[in-house]
Amino acid sequence: MKALAAARRILAETLEGAQIAAENLVAARLRSFLTTLGIVIGVMTVIAIVAIIQGLNKSFEGQIATLGAHTLYVSKWAWFAEGRDAWWELRNRKDLGAKELQAVEREATLATAIAPMAMTQADLKRDTFEAPNVQLIGTNAQYLTTGGGTVGAGRFLAETDVELTRSTAVIGADVADRLFPGLQPGQVLGRKLMIGEVPFQVVGVMERRGQLLGMNMDANAMVPYTAFLRHFGGKRSLNLAVSGEPDNLSALEDQVVEILRRVRRVPPEKKDDFTLNRQEQFLRTYNQLTGSLYAVAFGVGLITLIVGGIGIMNIMIVSVTERTREIGVRRALGARRTTILLQFLVESSIVAAIGGAIGTALGLGLAQVVALASPLAATVSASAVALGIGFSAAVGLVFGSWPAWRAARLDPVEALRHE
Amino acid sequence: MSAVGEPLIVVESLHRHYTVGGEVVRALDGVSFGITRGEWVAIVGQSGSGKSTLMNVLGCLDTPTSGTYRLNGADVQGLTDDQLASLRNKEIGFVFQTFQLLPRATALGNVMLPLVYRGVPKRQRRAMAEEALAAVGLTNRLNHRPNELSGGQRQRVAIARALVGQPSMLLADEPTGNLDSATGEEIIRLFSELHHRGHTILLVTHEPKLAARCPRAIRLMDGHVVADGAGAAVAGLGTSAPVPA
């Protein structure tokens with residue numbers, strides 16, 4: 001019974017503290033507002049930054065998935081080159097060509113799909129309609145399996161298209177829109193278009209894919225690589241997309257490296273003169289980037305929360321001084337030191353938490369504004385909101401503890417006599 | 001509450017010394033007296049006589065330097081701060097000169113406050129507070145804030161707050177000091193009524209007229225009891241001829 005009474009007393013005292021806090025907040029609106037401003041700004045900044053980072057993450061992860069998680073992109077170019085001389089070194093590497101493709105096709109037993117990718121920019125035309133700067137990819141039927149997307153209408157390139165060097169093309173959704181405005185993808189099939197000066201026939205339209213790192217994935221056109229090499233230059237370096245089972249991707253990597261080193265006659269003491277690019281390299285680089293952004297957000301948040309906390313401490317000291325007599329009265333009526341401590345802690349954390357809530361709301365608003373005004377997306381998880389408010393309350397608790405302790409230490413006789 | 005007549009307060013050679021600027025001030029210098037349950041006692045004396053210090057000690061807001069103070073059979077000496085707080089909450093009802101109500105709380109809220117610190121459930125708190133306010137004639141002012149009440153009404157709220165926890169005694173410090181004489185008279189009549197209902201009341205005052213109204217008065221001077229007897233006698237005696245305590 002005694003424990004129950006004590007629990008009830010502490011609950012009642014906490015509620016009483018919350019009520020006092022609410023009354024003081026309302027009684028001194030302007031002061032409360034100014035007090036919490038530091039917290040509001042801090043939380044707003046952090047929430048906005050986190051919202052944008054999380055938005056980026058979400059869209060990035062969605063985009064990166066389209067690259068094909070189990071695919072090695074073999075190229076003379078590295079996606080992430082490092083060092084000053086890297087570009088020249090890459091530039092001077094031997095091109096990859098049909099020889100490498102055939103060797104990999106013949107010997108890479110662990111590969112589940114192998115697609116060459118010869119790439120260039122091309123202008124596409126139909127009558128008066130134009131689609132400039134389209135990413136033209138010369139490839140084969142296995143391109144889809146390596147992560148090239150899915151077909152929305154018609155079919156993809158077939159083995160025979162490659163073998164017979166047919167002038168067939170599969171076009172991206174944006175290209176279809178530009179060249180055949182108002183037509184459904186199905187209605188485009190069989191139509192002719194010009195790639196540069198060469199006529200091609202549309203056999204398929206790709207499903208819309210959206211953007212990858214600001215790159216439009218729908219402004220492309222796929223043709224048989226044999227046709228590509230014939231019409232758009234046979235000297236171009238090929239890229240190879242090589243897919244494998246998720247479990248033995250590294251074995252596949254070793255196999256491909258071994259094949260290419262042999263075919264390209266790389267002496268044992270020399271480094272590879274080609275690169276196996278992986279989707280996860282994107283993720284790694286990206287995570288490094290967002291990691292530093294998080295660190296910045298954390299630093300900014302910490303500093304502003306400390307500033308906000310000092311504001312709260314300041315106002316709580318004023319509040320304790322103003323209410324010294326009230327503290328004396330409460331002590332006379334039977335409030336313990338811990339009661340007074342609790343009362344002021346509840347007050348400072350409520351003030352801070354309200355500041356945190358306002359800051360969170362403003363931060364979300366700011367993130368939405370940024371999302372509308374720029375290509376950045378913004379999403380916020382419930383945990384970020386809870387963290388913002390919870391962290392603010394914790395700041396209130398920490399910075400309110402010294403004034404609260406001072407209030408609790410007051411001598412009741414002195415406090416009652418205070419003018 | 002126990003029966004009238006049992007000793008409630010026993011004070012023996014109570015000392016309370018302060019050190020101010022290296023000099024020892026003997027605010028209480030060997031004070032002894034007893035108060036039985038149901039008494040209405042005035043503690044009189046000029047400012048500096050030690051009556052405020054005595055009130056603080058009797059109110060368990062302050063602890064004596066030496067001597068014993070037994071309240072309701074319990075020795076106050078050596079109690080922890082929390083125990084003192086709990087003792088104040090249960091045994092003592094304070095009434096202050098300046099009322100000391102919380103400005104933002106209603107009459108009801110003010111009166112309920114001591115019960116919050118006792119852990120009384122809310123519904124019961126409310127019922128007890130309403131009852132206490134009814135006892136001081138403020139049934140129709142439950143939801144008024146202090147600034148919506150007259151001085152006399154505020155002091156009644158304060159008295160209701162002192163009464164609500166059914167303490168062993170009311171400790172009133174110059175309760176009429178901030179009131180006009182008509183209102184002060186009203187409050188004194190209320191105390192008189194409470195006295196007749198069996199409450200123990202200690203009234204600290206410097207007004208001889210007020211002390212004369214009490215059945216008993218104790219006069220302090222320079223930290224000593226210089227007179228203890230019938231209120232009218234002590235009030236009229238002045239400071240020259242102490243009645244043995």
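Overview of the structure.

Rules of the game
- Residues numbered from 1 in each chain as written.
- Chains lettered and ligands numbered in written order.
- Predicted model: local features only at pLDDT ≥ 70, side-chain atom pairs only at ≥ 80, totals over all residues.
- Heavy atoms only, no water.
- Helix = DSSP H or I, 4+ residues; strand = E, 2+ residues; numbered from the N terminus.
- Patch = residues over 30% accessible without salt bridge, like charges linked within 9 Å, V, L, I, M, F, W, Y side chains within 5 Å.
- Areas by Shrake-Rupley, 256 points an atom, 1.4 Å probe, with all protein chains shown as cover.
- Salt bridge = Lys/Arg side-chain N within 4 Å of Asp/Glu carboxyl O.
- Buried < 20%, exposed > 50% of the residue type's maximum accessible area, 1.4 Å probe, protein only.
- Phe/Tyr/Trp six-rings, centres within 6.5 Å; stacked < 30°, edge-to-face > 60°.
- Lys NZ or Arg CZ within 6 Å of the ring centre and 35° of its normal.

1. With respect to unusual backbone geometry
Residues and elements named next belong to chain B.
- At Ser13, a position not held by glycine, the phi torsion is positive, near 35 degrees.
- Unlike most non-glycine residues, Asn72 shows phi in positive territory, near 55 degrees.
- Looking at the element boundaries, Asn72 is found in the loop between strand E4 (66–71) and strand E5 (74–75).

2. Observations concerning a nonpolar patch on the surface
- Together, Leu30(A), Phe33(A), Leu34(A), Leu37(A) and Ile41(A) make up a nonpolar patch on the protein surface, roughly 480 Å² of accessible area in all.
- Mapped onto the secondary structure, Leu30(A) falls in helix H2 (residues 29–65).

3. Looking at the pattern of salt bridges
- All chains considered together, the criterion is met by 31 salt bridges over all chains.
- A salt bridge links Arg16(B) to Asp62(B), with the nearest nitrogen and oxygen atoms 3.0 Å apart. Within this pair, whereas Arg16(B) is found in strand E1 (residues 7–20), its partner Asp62(B) is found in the loop between helix H1 (51–58) and E4, the two being separated by 46 residues in sequence. For the residue pair Arg16(B) and Asp62(B), the accessibility class agrees, reading buried in each case.
- Ionic contacts of the salt-bridge type, sharing partners, join the residues Arg323(A), Glu326(A), Arg330(A), Glu347(A) and Arg104(B) into one network.

4. Comments concerning the packing of aromatic side chains
Residues and elements named next belong to chain A.
- On inspection of all chains with the given rule, the structure shows four aromatic pairs over all chains.
- Both rings, one in Tyr143 and one in Phe156, keep their centres 5.7 Å apart while their planes meet at 5 degrees; by these two values the pair is stacked. Of the two residues, Tyr143 is situated in the loop between strand E3 (129–139) and helix H5 (144–148) and Phe156 in the loop between strand E4 (151–154) and helix H6 (159–163); the sequence distance between them amounts to 13 residues.
- Its relative accessible area of 8% is what places Phe156 among the buried residues.
- Aromatic rings pair up to connect Phe200, Phe228 and Phe232 into one cluster.
- Taking the ring centre of Trp402 as reference, the NZ or CZ of Arg406 above it sits at 5.2 Å.

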